[in-house]
Amino acid sequence: MTTRYEPAIDLSAITAIDVHVHIEVDAHGHSSLPEDLAEAASAYFSVDAGRPDLDSVAAYYRERSMAAVVFTVDAQTELQHAALSSEEIAEGAARNNDVLIPFGSVDPRQGQTAIDRARHLIEDYGVRGFKFHPTVQGFDPSEEQYFPLYETLQSAGVVALFHTGQTGIGAGMRGGRGFRLALSNPMLLDTVAARFPDLQIIMAHPSVPWQDEAISVATHKHNTWIDLSGWSPKYFPPQLVRAANSFLKSRILFGSDFPLLTPDRWLRDVEQIDMKPAVMPGILKDNAVRLLGLG
């Protein structure tokens, strides 16, 4: 009997919702990435971030009075490496439903299998969204063959979170290990947002080098959001700070990219930039509460 996730987050007791937290190793010690990629990513980010398991991630966020959206990336076709189980992540989130919110992941290149699995994760496990990484999964999100998958997500009212911009995964490896950065241009998501106007889409990260494209899409398509994960706020492009302080303030989300970047560092570094105090409660918590239907 599956334990279906239902949130039990005391919103008055938490200070923030981190919408971008990776689970990189499972309870059996299996890693989300092949060893060569994991090592290259650690070198790129100049960190040897420990890779805590799900219950440790929950304890980490509980200590900080924060909630976190947790997920993995299923890129079996591209990586030829078994993904972590989104079912186990959802069950772990159900066990820690005071602080965790599960997103699932399916490999879009698996066609009908991906659609069936997404439905299963939504209906039987209660996942609240799905994480996609077009560069690592090796797919162009604007192609029509993936539209039935988006239709499934839109019908279920769950969120689609897409990696955008450059990635540290494969960086410095021969030919970037074959990964194509162009698949993570946020302009490709404009097509998705246009065709699926009720699908809420998060464009993850400052979309370097395409920040203006991401802002353009978010300005035009109000079913799109931007999360601020993966970069220290010290390095945010000025136009992103300007947008977050004004016309996009209701659709900007706090995310860290834990364990590669910690929420502690993010919160420390955001103090050094010109973010208006008035917009921070929305960015840190309230916008995510609205998006995820937690209110």
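Residues numbered from 1 in each chain as written. Predicted model: local features only at pLDDT ≥ 70, side-chain atom pairs only at ≥ 80, totals over all residues. Heavy atoms only, no water.

Re the sheet that holds strand 4 (residues 129-132)
Read across the sheet, five strands follow the order 4-5-6-7-8 without closing on themselves; strand pairing throughout is parallel. Edge positions in the open sheet fall to strand 4 and strand 8 (252-253), since each of these has one partner strand only. Looking at chain direction, strand 6 (residues 201-204) and strand 7 (residues 224-227) are connected through three bridges and run parallel. What sits directly across from isoleucine 202, in strand 7, is tryptophan 225. Packing of helix 8 (residues 187-195) onto the sheet brings it into contact with strand 5 (159-163), strand 6 and strand 7, and relative to strand 6 it is tilted by some 175°. (Pairing = 2+ DSSP bridges. Helix = DSSP H or I, 4+ residues; strand = E, 2+ residues; numbered from the N terminus. Contact = heavy atoms within 4.5 Å. Axes fitted to C-alpha atoms, helices over the stretch in contact; angles between N-to-C directions.)

Topic: unusual backbone geometry
For the peptide bond that leads from valine 208 to proline 209, omega is 10°, which places it in the cis range. In this structure, proline 209 sits in the loop between strand 6 and helix 9 (211-220). Between phenylalanine 258 and proline 259 the backbone carries a cis peptide bond, its omega angle lying at 10°. Relative to the helices and strands, proline 259 is located in the loop between strand 8 and helix 11 (263-270). The phi angle at serine 65 is positive, at roughly 55°, despite the residue not being glycine. Position of serine 65 among the secondary structure elements: in the loop between helix 2 (54-63) and strand 2 (66-71). Note on serine 65: relative accessible area 32%, which makes it partly exposed. In this model, arginine 177 sits at a positive phi of 60°, which is unusual for a non-glycine residue. (Buried < 20%, exposed > 50% of the residue type's maximum accessible area, 1.4 Å probe, protein only.)

Thoughts on the pairing of strand 1 (residues 16-22)
Taking burial as the measure, the seven residues of strand 1 include seven buried ones, the bulk of the element. Direction of pairing for strand 1 relative to strand 2: parallel, over a ladder of five bridges. If you follow isoleucine 17 over to strand 2, its bridge partner there is alanine 67.

What to know about the sheet that holds strand 3 (residues 100-102)
Read across the sheet, three strands follow the order 1-2-3 without closing on themselves; strand pairing throughout is parallel. Both edges of this open sheet fall to strand 1 and strand 3, since each of them pairs with a single strand only. Strand-to-strand twist in this sheet, taken as the mean axis angle between neighbours without regard to direction, amounts to 25°. Most of the contacts of helix 2 go to strand 2, to which it runs at about 155°, and overall it touches strand 1, strand 2 and strand 3.

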